[in-house]
Amino acid sequence: QVQLVESGGGLVQPGGSLRLSCVASESILSINFMGWYRQAPGKQREMVASITSGGSANYARSVKGRFTISRDNAKNMVFLQMNSLKPEDTAVYYCNLGALVLAMGYQSLWGQGTQVTVSS
């Protein structure tokens, strides 16, 4: 079974930084799309940042200039560096991969989520 494991969430003061990581299991043959989404209480899940296999990144307007997405293709990992965090960044963050999976074909995969709380 393909798994995505996220880490790096936690409690941070406003203005602080966190780095989220997401690693995919060894069943992944190739990854096309990598992205981070978030969902705050009472709100819909929204895209935060995404990056293609060629390295082209896209950001939500609310995080542009503060967050940076990156990927390590050799290790099937995607990262989200979050700087200058604000209370409104508080949410559960999910990684999403569009990947070719052994014996399963192309799949959209989701992690279990990691809580990010920005509060003083």
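Refer to the structure presented above.
All of these numbers come straight from a predicted model, not from anything done at the bench.

Draft legend 1. Fine view of the nonpolar core. Residues Trp-36, Leu-80, Met-82 and Tyr-93 are the most contacted members of the largest nonpolar core, which totals 32 residues. Going through the elements one at a time, strand S3 (18-24), strand S4 (28-39), strand S5 (46-51), strand S7 (67-72), strand S8 (77-82), strand S9 (91-101) and strand S11 (114-118) are the ones with two or more residues in this core. At 6 residues, S9 tops the list of elements feeding residues into this core. When sequence neighbours within four positions are dropped, the list of residues in contact with Tyr-93 reads Glu-6, Leu-20, Trp-36, Tyr-37, Arg-38, Val-48, Phe-67, Leu-80, Met-82, Gly-113, Thr-114 and Val-116.

Draft legend 2. View of the environment of Leu-85. Counting through the fold element by element, Leu-85 comes out in the loop between S8 and S9. Separated by 49 residues in sequence, Leu-85 and Trp-36 place their C-alpha atoms 16 Å apart. Apart from residues no more than four positions distant in its own chain, Leu-85 is found in contact with Val-12, Pro-14, Gly-15, Gly-16, Ser-17, Leu-18, Arg-66, Phe-67 and Val-118.

Draft legend 3. Just the pairing of S5, in detail. As judged from the 5 bridges shared by S4 and S5, these two strands associate in the antiparallel manner. What sits directly across from Arg-38, in S5, is Glu-46. Here S5 pairs with strand S6 (residues 57-59) via 3 bridges, running antiparallel. Each residue of the ladder has a partner; that of Ile-51, found in S6, is Ala-57. Counting the residues that bridge the hairpin from S5 to S6 gives 5 residues, and of these Gly-55 lies at a positive phi of roughly 95°.

Draft legend 4. Quick peek at a nonpolar patch on the surface. Taken together, the side chains of Leu-29, Leu-100, Leu-102 and Tyr-106 make up a nonpolar region of the molecular surface, amounting to roughly 420 Å² of accessible area. Inspection of the secondary structure puts Leu-29 in strand S4. Overall, Leu-29 belongs to the exposed group, its relative accessible area being 54%.

Draft legend 5. Summary view of the pairing of S9. With 9 of 11 residues buried, S9 is to be regarded as a mostly interior element. Of the strand pairs in this sheet, S4 and S9 are connected by 10 bridges, and their pairing is antiparallel. Pairing of Tyr-37 across the sheet is with Tyr-94, part of S9. Bridge count between S9 and S11: 3 bridges; the pairing is antiparallel. Note that in S11 the partner of Val-92 across the bridge is Gln-115. Relative to strand S10 (residues 105-110), S9 is paired through 6 bridges, and the arrangement is antiparallel. In the strand pairing of S10, Leu-100 is matched with Tyr-106. In this structure, the hairpin formed by S9 and S10 is closed by a connection of 3 residues, where Ala-103 is found at a positive phi of approximately 70°.

Reading the values: the criteria
- Residues numbered from 1 in each chain as written.
- Predicted model: local features only at pLDDT ≥ 70, side-chain atom pairs only at ≥ 80, totals over all residues.
- Heavy atoms only, no water.
- Core = buried A, V, L, I, M, F, W, Y, C linked by side-chain atoms within 4.5 Å.
- Buried < 20%, exposed > 50% of the residue type's maximum accessible area, 1.4 Å probe, protein only.
- Helix = DSSP H or I, 4+ residues; strand = E, 2+ residues; numbered from the N terminus.
- Contact = heavy atoms within 4.5 Å.
- Pairing = 2+ DSSP bridges.
- Patch = residues over 30% accessible without salt bridge, like charges linked within 9 Å, V, L, I, M, F, W, Y side chains within 5 Å.
- Areas by Shrake-Rupley, 256 points an atom, 1.4 Å probe, with all protein chains shown as cover.
- Salt bridge = Lys/Arg side-chain N within 4 Å of Asp/Glu carboxyl O.

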